[in-house]
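# Structural features, examined
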Amino acid sequence: MTSVHHESPENAPRTGTTTQEVTVRRAPNVTAFLAAGAATGAIAGLLIGALGPGSIAYTRAAIIGFFLMTFLIIGGAVGAIVGLVLDRISVKRARTGAAEVQDVHGGGEHSGS
């Protein structure tokens, strides 16, 4: 004999659905812009230091190191500024929308906490 189990309304899991207004925007990854700017600056500094004129007072390695670090810092700063400007633009282009939120735990209680 097969027994069919019907859930009574008292034992049924409570799931509530509410609608919340959310802000949606495409934000750039500022760290990626900073790293790309620093890498570009490092390559430019390496090339300028290696291909530039030599000096009697400094070795070629010292000249390369100076230009490498200087351009790395400047490139990182420029990359970060570009990322922040794009982030500010994305805040202005942000849109609001409605999202459905489902309460699957019934009343906001979490099991296992």
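Reading the values: the criteria
- Residues numbered from 1 in each chain as written.
- Predicted model: local features only at pLDDT ≥ 70, side-chain atom pairs only at ≥ 80, totals over all residues.
- Heavy atoms only, no water.
- 1 Å grid on protein atoms, 1.4 Å probe; cavity = no way out; pocket = protein on both sides within 12 Å on 5 of 7 lines; lining within 4 Å.
- Points joined across faces, edges and corners; volume = space filled by probe spheres on them.
- Helix = DSSP H or I, 4+ residues; strand = E, 2+ residues; numbered from the N terminus.
- Nonpolar A, V, L, I, M, F, W, Y, C, P; charged D, E, K, R; others polar.
- Phe/Tyr/Trp six-rings, centres within 6.5 Å; stacked < 30°, edge-to-face > 60°.
- Buried < 20%, exposed > 50% of the residue type's maximum accessible area, 1.4 Å probe, protein only.
- Pairing = 2+ DSSP bridges.
- Salt bridge = Lys/Arg side-chain N within 4 Å of Asp/Glu carboxyl O.
- UniProt positions renumbered as here; feature names shortened; annotations may be inferred.

## A word on the layout of surface pockets
Within this model, the largest pocket holds a volume of roughly 150 Å³. Lining of the largest pocket is provided by Val24, Arg25, Arg26, Leu86, Ile89, Ser90, Arg93, Ala94 and Arg95. Among the elements that line the lining of the largest pocket, the one with the most residues is helix H2 (residues 60-92), at three residues. Across the lining of the largest pocket, the residue classes tally to four nonpolar, one polar and four charged.

## Section: the packing of aromatic side chains
What the rule picks out here adds up to two aromatic pairs. Their ring planes at 45° and their centres at 6.2 Å tell us that Phe67 and Phe71 sit as a pair that is tilted. A residue pair is termed a helical-turn pair when its members lie 3 or 4 positions apart in one helix, as Phe67 and Phe71 do in helix H2 at four residues. Members of the aromatic cluster, joined through ring pairs, are Phe66, Phe67 and Phe71.

## Some points on the pairing of strand E2 (residues 95-103)
E2 sits mainly on the outside: zero of its nine residues count as buried. Here strand E1 (residues 16-24) pairs with E2 via nine bridges, running antiparallel. If you follow Gln20 over to E2, its bridge partner there is Ala99.

## Considering the pattern of salt bridges
Considering all chains together, one arrives at one salt bridge under this definition. The residue Arg25 makes a salt bridge to Asp87 at a minimum N-O spacing of 2.9 Å. One end of the pair, Arg25, is in the loop between E1 and helix H1 (30-51); the other, Asp87, is in helix H2, and 62 residues separate them in sequence. Overall, the relative accessible area of 39% leaves Arg25 in the partly exposed class.

## What to know about the UniProt feature "transmembrane region" (unreviewed entry) in the protein chain
Sequence positions flagged by UniProt for "transmembrane region" (unreviewed entry) are, in local numbering, residues 30-51 and 63-86. Within residues 30-51, the helical portion is 100% and the strand portion 0%, while the C-alpha atoms at the span's ends are 31 Å from each other. From the first C-alpha to the last, residues 63-86 spans 34 Å; its make-up is 100% helix and 0% strand.

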